[in-house]
Amino acid sequence: EVSDSDTVEHAVSAIGSHRPDVILLDLRMPGQPSQGLDLLKWLKGNPSTNAIPVIVVSVVEQSASSAIDLGAAAHLTKPLQKQTLLEALQKVARSA
């Protein structure tokens, strides 16, 4: 099952009600360009969500080190190729 959210608040609510196996997080959420990293910090600082792997997706390559430092399992740069996403998901699945 795939679910999407366009705000941090909706994402937090959705994650709380349906614990996902993995989270794909775009750092530049619509209308909230800086809140993706804030959501990642919250996810990794929260005991109920810190074990959920987060794959960060961004147009900004410079965000990779920040995302990894905050606990992201991977950082993928847009535009995203299907094979790249599948490889990242397989890597996360193997380490689970």
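Residues numbered from 1 in each chain as written. Predicted model: local features only at pLDDT ≥ 70, side-chain atom pairs only at ≥ 80, totals over all residues. Heavy atoms only, no water.

### Points about the pattern of salt bridges
Keep this limit in mind: When a carboxyl oxygen of Asp or Glu is within 4 Å of a side-chain nitrogen of Lys or Arg, the pair counts as a salt bridge. Helix numbering and strand numbering both begin at the N terminus, where a helix is a DSSP run of H or I of at least 4 residues and a strand a DSSP run of E of at least 2. For every residue, the accessible area obtained with a 1.4 Å probe (protein chains only) is divided by the maximum for its type, and the residue is called buried under 20%, exposed over 50%, and partly exposed between those limits.
For the structure on display, the rule yields 1 salt bridge. With its nearest N and O atoms 2.4 Å apart, the salt bridge here joins Asp26 to Lys78. Residue Asp26 is located in strand β1 (residues 23-26), and its partner Lys78 is located in the loop between β3 (74-77) and α4 (82-95); the two are separated by 52 residues in the primary sequence. Residue Asp26 is classed as partly exposed on the basis of its relative accessible area of 24%.

### Description of helix α1 (residues 8-17)
The line we're drawing: Directions drawn from the helix axis to the C-beta atoms are what define this arc. Working rule for contacts: check all heavy atoms of both residues, and any pair within 4.5 Å makes them a contact.
Every buried residue of α1 is accounted for by Val8, Ala11, Ala14 and Ile15. Here the buried residues of α1 occupy an arc of 125° about the axis, which is enough to place them on one side. Residues of α1 that are exposed and angled more than 90 degrees away from the buried face: Glu9, Gly16 and Ser17. Its buried side turned inward, α1 meets β1 and α2 (35-45).

### Observations regarding the side chain of His75
Looking at the element boundaries, His75 is found in strand β3. Taking the relative accessible area as the measure of exposure, His75 reaches 16% and is therefore buried. Once residues lying within four places of it in the same chain are set aside, the contact partners of His75 are Val56, Ser58, Val60, Glu61, Ser63, Ala64, Ala67 and Ile68.

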